[in-house]
Structures are given as C-alpha cells and as structure tokens.
Amino acid sequence: MGNTIYGDDVARRLLDSSAQLSYDPLTEVDWDTPLDTDFHGASPEWSTLYGTAYWDEMTDAQRKELTRQEAASVASTGIWFEMILQQMVLRDIYAKDPTDDTVQWALTEIADECRHSIMFARGAKKLRAPAYRPHRVALELGRFFKTVAFGEAAYSAILVAEEVLDVMQRDWMRDERVVPFVRTINNIHVVEESRHMKFAREETRRHLARAGWLRRRVHALLIAVAAHVIVTSMVNRKVYANAGLDEARALREAKANEHHKSMMRASCSGLMEFLDSVGLLTGPALFFYRRAHLV
C-alpha cells in the first residue's frame with residue numbers, strides 16, 4: 001500500500017507540473033520560416049565524425065549538412081522508440097483504475113509522446129531529410145521488446161532512451177550555432193521528458209521492490225540489449241551519403257571515433273549510476289553497455 005500511495009503522490013505532482021508547464025509544438029515551433037542552411041542541425045561536437053580526419057577535410061557547408069541529417073536521424077529514432085514506449089505504457093495500465101493519479105499521469109505521458117512524435121517528424125522534414133528508419137533487425141527486436149517487456153524492463157528501457165537524448169538535446173538547445181527551430185524542439189522535449197524520466201525512475205524502483213533474483217538478472221540483460229539497439233540505431237548510415245559524403249569511409253571513421261564514444265559515455269554517467277544503484281548493472285548487461293560505448 002505504501003508504494004501505491006507514494007506512486008500516486010509522485011504522479012499527482014507530475015500532473016500538476018504538466019498542467020503548469022507544457023507546450024503545443026504546433027504553435028511553439030516556427031514551422032513557417034524557411035530553413036537557414038547557415039546553421040547546424042545539432043552541436044557539431046555531437047556529430048559522429050567530429051574529431052576525425054574526414055571532419056577536418058569537410059567544408060563548413062558539408063559539416064552543417066551532416067549535423068542536420070544526423071539530427072533528423074536522431075529525431076526519427078526518437079519517433080520509433082516513442083511508439084514502442086506508448087504501447088508498453090498502455091499495456092501496463094490496461095486493466096488499472098483510470099481514476100488513479102498514476103494511470104492519469106501515464107495517459108498524460110502518452111499524449112506528450114504523441115505530440116513529440118509529430119514534432120520530430122515535422123522537424124526532420126524541415127531539415128530536408130528523408131524518413132530514416134532503423135534497420136530491419138532493430139525494427140523486429142523493437143517489435144519483440146514492446147510485446148514482452150513489462151515492469152522494470154519497460155520503464156528502465158524508457159529511461160535509457162530518454163536520458164541519452166536528454167543530455168544531447170540540452171547541449172543543442174543552448175547552442176546558438178544550431179538552427180533556432182531545432183533549439184525550440186529540443187527545449188520542449190527536455191522540459192517535458194524530465195517528468196517522464198522521473199516517473200520511469202520511480203516505476204523502476206517500485207517494480208524492482210518485488211522482483212526476485214532471477215527476474216532482476218533477466219531484465220538487467222534485456223534492458224542492456226534494448227539500450228544497445230536504441231543507441232546504435234540513432235544515426236542511420238544513410239546520413240553520410242545524404243550529406244554528400246563517401247558512406248563507406250564515413251562509416252569507418254565514425255566507428256573508430258573516440259571523441260564520439262567519450263561523449264556517449266559522459267551522457268550516460270548518471271543513468272549508469274542509477275542502474276547500478278537498483279541492481280541492474282550486472283556483468284552480462286555491462287557487456288552490451290560497453291559495446292554501445294555507454295560505459
């Protein structure tokens with residue numbers, strides 16, 4: 001009973017916060033001003049090629065086009081995972097009391113994610129990018145994960161996806177080199193996702209309180225595999241050709257880029273501390289986090 005009351009208290013505060021500070025991307029974002037190609041689509045330091053020999057050879061215009069394509073790819077990956085997220089949350093609350101604050105908050109979160117998905121889609125289109133989709137294996141793994149994941153596995157996976165995006169987008173929204181409408185999109189997402197992450201942490205703790213040793217170990221591995229698939233799907237390989245680059249060379253240099261790996265590790269330090277604190281950073285899980293350069 002104590003956990004339910006505590007969960008409801010958190011949900012009520014999140015509902016109050018949502019009522020006071022939420023955005024409508026259709027009116028908040030400047031969709032009408034033509035794209036200014038003098039701006040980046042993301043902070044250059046977050047580019048997968050920043051710090052490589054290829055980056056040094058690229059013109060300023062090529063660098064800006066690449067960051068715009070990469071930002072659009074990250075947005076497309078965000079839409080994909082938000083669709084998975086919505087299905088997992090809906091399944092979690094399917095038979096619960098809709099008058100409970102926790103259920104009402106979950107519905108509010110789903111409504112937020114619907115708006116975010118439309119916002120990301122419009123943003124990617126304005127960046128003059130195609131609809132980047134994860135590769136077939138990732139799509140099918142996502143289909144499997146959203147079907148089987150429950151409890152702490154579902155909410156921790158939500159946390160993984162949102163925390164990585166959060167650190168990245170906090171940099172982009174403050175960066176005056178980034179095109180203004182993308183900065184607005186990032187600001188909206190950061191503000192609203194901060195509530196989602198708080199709820200995901202509380203739900204993860206609540207579900208783990210009644211999880212046995214085996215379930216905890218299995219879910220720790222499942223979350224790590226999901227994290228690996230999400231993070232490695234963020235930047236589609238087609239962004240390089242669409243930015244006018246040699247795709248094969250760009251892929252080679254991106255995969256070996258120690259700067260980008262260090263940026264990813266830094267962005268996940270708080271997340272890894274949380275997973276460790278709740279017993280989800282097991283040896284097998286760490287294998288996949290290391291492969292994704294998250295630790």
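Throughout what follows, the structure given in this document is the object of discussion. (Residues numbered from 1 in each chain as written. Predicted model: local features only at pLDDT ≥ 70, side-chain atom pairs only at ≥ 80, totals over all residues. Heavy atoms only, no water.)

1. Comments concerning the overall build of the protein
The helix and strand inventory of the protein stands at 14 helices and 0 strands. Reading the protein from its N terminus to its C terminus gives the helix and strand order α-α-α-α-α-α-α-α-α-α-α-α-α-α. Taking 19 Å as the expected radius of gyration for a compact globule of 295 residues, we find that the protein reaches 19 Å, a close match to that expectation. Taking the principal axes of its C-alpha atoms as reference, the protein extends roughly 60 × 45 × 30 Å. Residue pairs in contact within the protein that sit at least 24 positions apart in sequence constitute 84% of those at least 6 positions apart. Roughly 13,200 Å² of accessible area belongs to the protein as shown, and the carbon and sulfur atoms make up 56% of that amount. Charge centroids of the protein, computed over 38 positive and 41 negative side chains, lie 6 Å from each other. (Helix = DSSP H or I, 4+ residues; strand = E, 2+ residues; numbered from the N terminus. Rg over C-alpha atoms; globule rule 2.2 N^0.38 Å. Contact = heavy atoms within 4.5 Å. Areas by Shrake-Rupley, 256 points an atom, 1.4 Å probe, with all protein chains shown as cover. Lys, Arg positive; Asp, Glu negative; His and termini not counted. Charge placed at Lys NZ, Arg CZ, Asp CG, Glu CD.)

2. Structural notes on the pattern of salt bridges
Throughout the structure, instances matching the rule amount to 21 salt bridges. Notably, a salt bridge pairs Glu140 with Arg136, separated by 2.9 Å at the nearest N-O pair. With Glu140 and Arg136 both in helix H6 (residues 136-148) and 4 residues apart, this pair spans about one turn of that helix. Judged by its relative accessible area of 54%, Arg136 is exposed. (Salt bridge = Lys/Arg side-chain N within 4 Å of Asp/Glu carboxyl O. Buried < 20%, exposed > 50% of the residue type's maximum accessible area, 1.4 Å probe, protein only.)

3. Remarks on helix H14 (residues 283-291)
Among all positions of H14, only Ala285, Leu286 and Tyr289 are buried. Each buried residue of H14 lies within a common arc of 100° when the element is viewed along its axis, so the set occupies one face. Lining the buried residues of H14 we find helix H9 (213-232) and helix H13 (269-277). A positive backbone phi angle near 60° is found at His293, which sits one or two residues after H14. (Arc of directions from axis to C-beta.)

4. What to know about the packing of aromatic side chains
All chains considered together, the criterion is met by 5 aromatic pairs. Taking the centre distance of 6.4 Å and the plane angle of 55° together, the rings of Trp31 and Phe181 count as tilted. Of the two residues, Trp31 is situated in the loop between helix H2 (25-28) and helix H3 (53-57) and Phe181 in helix H8 (residues 180-208); the sequence distance between them amounts to 150 residues. No difference in accessibility class separates Trp31 from Phe181, as the two residues are buried. Above the ring of Trp31, the side-chain terminus of Arg122 is found at 4.6 Å from the ring centroid. The cationic tip of Lys126 hangs over the ring face of Phe181; the distance from NZ or CZ to the ring centre is 4.7 Å. (Phe/Tyr/Trp six-rings, centres within 6.5 Å; stacked < 30°, edge-to-face > 60°. Lys NZ or Arg CZ within 6 Å of the ring centre and 35° of its normal.)

5. Side note on a nonpolar patch on the surface
Among the surface-exposed residues, Trp213, Leu214 and Val218 lie close enough to one another that they form a single nonpolar patch of about 380 Å² accessible area. Along the polypeptide, Val218 turns up in helix H9. The exposure class assigned to Val218 is partly exposed, which follows from its relative accessible area of 46%. (Patch = residues over 30% accessible without salt bridge, like charges linked within 9 Å, V, L, I, M, F, W, Y side chains within 5 Å.)

6. What about the environment of Glu203?
As for its position among the elements, Glu203 is in helix H8. For the pair Glu203 and Gly151, spaced 52 residues apart in sequence, the C-alpha separation works out to 7.6 Å. If near-sequence neighbours (up to four positions away) are discounted, Glu203 is found in contact with Asp92 and Tyr155.

7. Details of the nonpolar core
Within the largest apolar cluster, 94 residues are counted, with the highest numbers of intra-cluster contacts made by Leu49, Leu66, Phe181, Tyr240, Tyr289 and Leu294. The leading source of residues in this core is helix H4 (residues 60-93), at 13 residues. (Core = buried A, V, L, I, M, F, W, Y, C linked by side-chain atoms within 4.5 Å.)

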